[in-house]
Amino acid sequence: MTHETLDAGAVQLPAEAIDAIERAATSAHRAAHPHEALFSERAANIKQSAVRDVFDISMRPGLVSLAGGSPYLQSLPLERLAATAASIIADEGLTALQYGGGQGTEELRTQICEVMAAEGILDALPQNVVITAGSQSAQDVAAKVFCNPGDVVLVENPTYVGALNTFEAYQVEVATVEMDDDGLVPELLEARIAALQTAGKNIKFLYTIPNFNNPSGITLAQERRQRVVDICRNANILVLEDNPYGLLRFDGEPLAPLRAANPADVIYMGSFSKIFAPGLRIGWALVPEHLQRRYYLASESVTLCPPTLNQMLVSAYLRDYDWRGQIETYRGLYAERCTAMLAALDEHMPAGTSWTSPEGGFFVWVTLPEGVDTYPLLQKAIDAGVVFIPGAAFTSSDTPSNKLRLAFSAVPPDAIKEGVRRLAPVLREALTAL
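Quantities reported herein were computed from a predicted structural model and do not represent experimental measurements.

Novice: Please give an account of empty space enclosed by the protein that cites residues and values.
Specialist: Which parts of space are left empty comes out when a probe the size of a water molecule is rolled across the atoms. Following the criterion strictly, the structure yields 1 cavity of 30 Å³ or more and no others. Considering only enclosed or pocket space, the largest cavity measures out at about 40 Å³ in volume. As for the largest cavity, its lining consists of Glu119, Asn243, Pro244, Tyr245, Gly246, Leu247, Gly270, Ser271, Ile275 and Trp284. Counted by class, the lining of the largest cavity contains 5 nonpolar, 4 polar and 1 charged residues.

So this is what it looks like as structure tokens:
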């Protein structure tokens, strides 16, 4: 959501925000229809709720949305991109609008290897890249290929809501591992694996967002990265590395991905959603060679083929535009907005609250004292003219959460400051009631 002014009119919250808040809400009471007896057991794990009523309220003019992690597309050369898209259809329409190969175009897979090289993966081969419908699809394929009902998937606590929804739909057990300010704690990961294996559990993979974790903004420290992979390798557990934000580090070079030194043990997932445009729904998985064939076939069985027109537009962007310069523009924008949010939190947040200080990405994670449940505060915040995502959305636990996520990526600095100013009294009242 972008807000060039605070009274820019009604706003539509992004799908990620809707999914996350729905996860944190309780299910709606409704009469059962006979067709519900036809649902699979898997369907019971797909979350539903009445929270869309909240979004009817949130459409009011003047709302500041600190909820959705959307990129700031206004910085893209939209008119030039429109001409490029028109040219692709006019000159290559019979290819662009036709079915394509299930693995994705060779040109884009080769270019993706160049993008990954900028992140620190220097040995990627196009034949091991599978183009997906965003990294969300890559997560789904991984769960489909590796997980049976009852298997265990390890995740950071907190973690991406879309991944939780995907894994739980495949009837797996999601087991969390705690983080500190330096990310996933290797000793806790090792202990968690040992306890689960002692209990007879079958652990398939660790899903991790090592760079600017969604929702916490925390980055896995460089000195922990190899240790995490080694622990999983020793237990015969794959690592599923999700890195949509890695190039959006505010200062310095990107930290080397887990995949960089571990080609046989890590499935690496990337996306153009954050570094180009999410509406194109183009992501990828770099799969170890010995797993690639089965992974590719599973992906093809879901999507048949990734959209050729969208792939060709991404290829043209990577070939003909200064995509590295655009990433630098994004980095500067997001750094400025993160600074504005941290300054506003420091100025307005009540005593007893704390928050992360991300080195990149889109999000800040706010912690309130124990005993505060942030989900009931959502309606009060909307009444005050601001919206956030409650922390309960980002964990597999059904217990209340004293956390909340704030997104700064798509909101100008002045609107960020105003949104935090509106939120502060809501939190202060909750703390006073303890």
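Novice: Got a sec to walk through the nonpolar core? Specific residues and values, please.
Specialist: Core analysis: the largest hydrophobic core is formed by 117 residues, its most contacted members being Met116, Phe167, Phe205, Tyr207 and Phe272. Excluding anything up to four places from it in sequence, Phe272 contacts Leu108, Ile112, Val115, Ala277, Pro278, Ile282, Trp284, Val314 and Leu318. Core analysis: the next-biggest nonpolar cluster, separate from the first, contains 20 residues, Val177, Ile193, Ile231 and Val266 among them.

Novice: Quick rundown of the packing of aromatic side chains? Include the residues and the values.
Specialist: Evaluation of the coordinates by the stated rule reveals 12 aromatic pairs. Measuring from centroid to centroid gives 5.5 Å for Tyr330 and Tyr334, while their planes differ by 5°, and the two rings are stacked. Taken together, the residues span about one helical turn, with Tyr330 and Tyr334 both in helix H11 (residues 323-348) at a distance of 4 residues. Tyr334 carries the same exposure label as Tyr330, and that label is buried. Pairing Tyr334 with Phe362 gives two aromatic rings, centres 4.9 Å apart and planes at 65°, and the pair type is edge-to-face. Of the two residues, Tyr334 sits in helix H11 while Phe362 sits in the loop between strand E10 (354-355) and strand E11 (363-367), which places them 28 residues apart along the sequence.

Novice: Explain the sheet that holds strand E7 (residues 238-242) to me, and be specific about the residues and the numbers.
Specialist: Reading across from one edge, E2-E9-E8-E7-E6-E3-E4-E5 is the order of the 8 strands in this open sheet, with mixed pairing throughout. Each edge of the open sheet carries a strand with a single partner, namely strand E2 (129-132) and strand E5 (183-184). The sheet contact formed by strand E3 (residues 152-157) and strand E4 (residues 173-180) spans 6 bridges and is parallel. Bridging across to E4, Glu156 finds its partner in Val177. Most of the contacts of helix H4 (residues 106-119) go to E2, to which it runs at about 100°, and overall it touches E2, strand E8 (266-271) and strand E9 (283-286). Contacting E3, E4, E5 and strand E6 (203-208), helix H7 (residues 186-198) runs over the sheet at an angle of about 155° to E4.

Novice: Tell me what's going on with the sheet that holds strand E13 (residues 389-390), and back it up with residues and numbers.
Specialist: An order of E10-E11-E14-E13 is seen for the 4 strands of this open sheet, with the pairing classed as antiparallel. The strands lining the two open edges of the sheet, one partner per strand, are E10 and E13. Relative to E11, E10 is paired through 2 bridges, and the arrangement is antiparallel. Across the sheet, Ser354 pairs through a bridge with Thr367, a residue of E11.

Novice: Summarise the pattern of salt bridges; cite the residues concerned and give the values.
Specialist: Applying the stated criterion across every chain, the model contains 13 salt bridges. For the salt bridge of Asp151 with Lys204, the shortest nitrogen-to-oxygen distance reads 2.7 Å. Placement of the pair is Asp151 in the loop between helix H5 (134-146) and E3 and Lys204 in strand E6, with a sequence separation of 53 residues. Exposure class is identical for Asp151 and Lys204. Each is buried. A salt bridge links Arg249 to Glu359, with the nearest nitrogen and oxygen atoms 3.0 Å apart. Remark: Glu359 occurs in the loop between E10 and E11 and Arg249 occurs in the loop between E7 and E8; sequence separation between them is 110 residues. The partly exposed category is assigned to Glu359, whose relative accessible area is 40%.

Novice: Could you give an account of the layout of surface pockets, naming the residues involved and the relevant values?
Specialist: Estimates place the volume of the largest pocket at around 590 Å³. If you trace the largest pocket, you find 29 residues lining it, with Glu16, Tyr160, Lys274, Pro278 and Arg281 closest to the centre. Of all the elements in the fold, those that place two or more residues in the lining of the largest pocket are helix H1 (15-24), H5 and helix H6 (161-169). For the lining of the largest pocket, the leading source of residues is H5, giving 4 residues. Considering only residue class, the lining of the largest pocket consists of 12 nonpolar, 12 polar and 5 charged.

Novice: Would you mind going over H5 in detail, with residue names and values included?
Specialist: In an α-helix there are 3.6 residues to a turn, and that puts residues three or four apart on one side. With 13 residues, H5 extends 19 Å between its outermost C-alpha atoms, agreeing within 8% with the 18 Å of an ideal straight helix rising 1.5 Å per residue. Within H5 the residues assigned to the buried category are Gly134, Ser135, Ser137, Ala138, Gln139, Val141, Ala142, Ala143 and Phe146.

Novice: I'd love a proper account of H7, names of residues and values included.
Specialist: Across its 13 residues, H7 extends 18 Å between first and last C-alpha, which sits within 8% of the 18 Å expected from 1.5 Å per residue. Those residues of H7 lying buried are Pro186, Leu189, Ile193 and Leu196. In an axial view of H7, the angular spread of the buried residues amounts to 95°, which keeps them on one side of the axis. Of the exposed residues in H7, those oriented more than 90 degrees away from the buried face are Glu187 and Thr198. On its buried face, H7 is in contact with E3, E4, E5, E6 and helix H8 (222-234). Backbone geometry just downstream of H7 places Gly200 in the positive-phi region, at approximately 85°.

Basis of the calculations
- Residues numbered from 1 in each chain as written.
- Predicted model: local features only at pLDDT ≥ 70, side-chain atom pairs only at ≥ 80, totals over all residues.
- Heavy atoms only, no water.
- 1 Å grid on protein atoms, 1.4 Å probe; cavity = no way out; pocket = protein on both sides within 12 Å on 5 of 7 lines; lining within 4 Å.
- Points joined across faces, edges and corners; volume = space filled by probe spheres on them.
- Nonpolar A, V, L, I, M, F, W, Y, C, P; charged D, E, K, R; others polar.
- Core = buried A, V, L, I, M, F, W, Y, C linked by side-chain atoms within 4.5 Å.
- Buried < 20%, exposed > 50% of the residue type's maximum accessible area, 1.4 Å probe, protein only.
- Contact = heavy atoms within 4.5 Å.
- Phe/Tyr/Trp six-rings, centres within 6.5 Å; stacked < 30°, edge-to-face > 60°.
- Helix = DSSP H or I, 4+ residues; strand = E, 2+ residues; numbered from the N terminus.
- Pairing = 2+ DSSP bridges.
- Axes fitted to C-alpha atoms, helices over the stretch in contact; angles between N-to-C directions.
- Salt bridge = Lys/Arg side-chain N within 4 Å of Asp/Glu carboxyl O.
- Expected span 1.5 Å × (residues − 1).
- Arc of directions from axis to C-beta.

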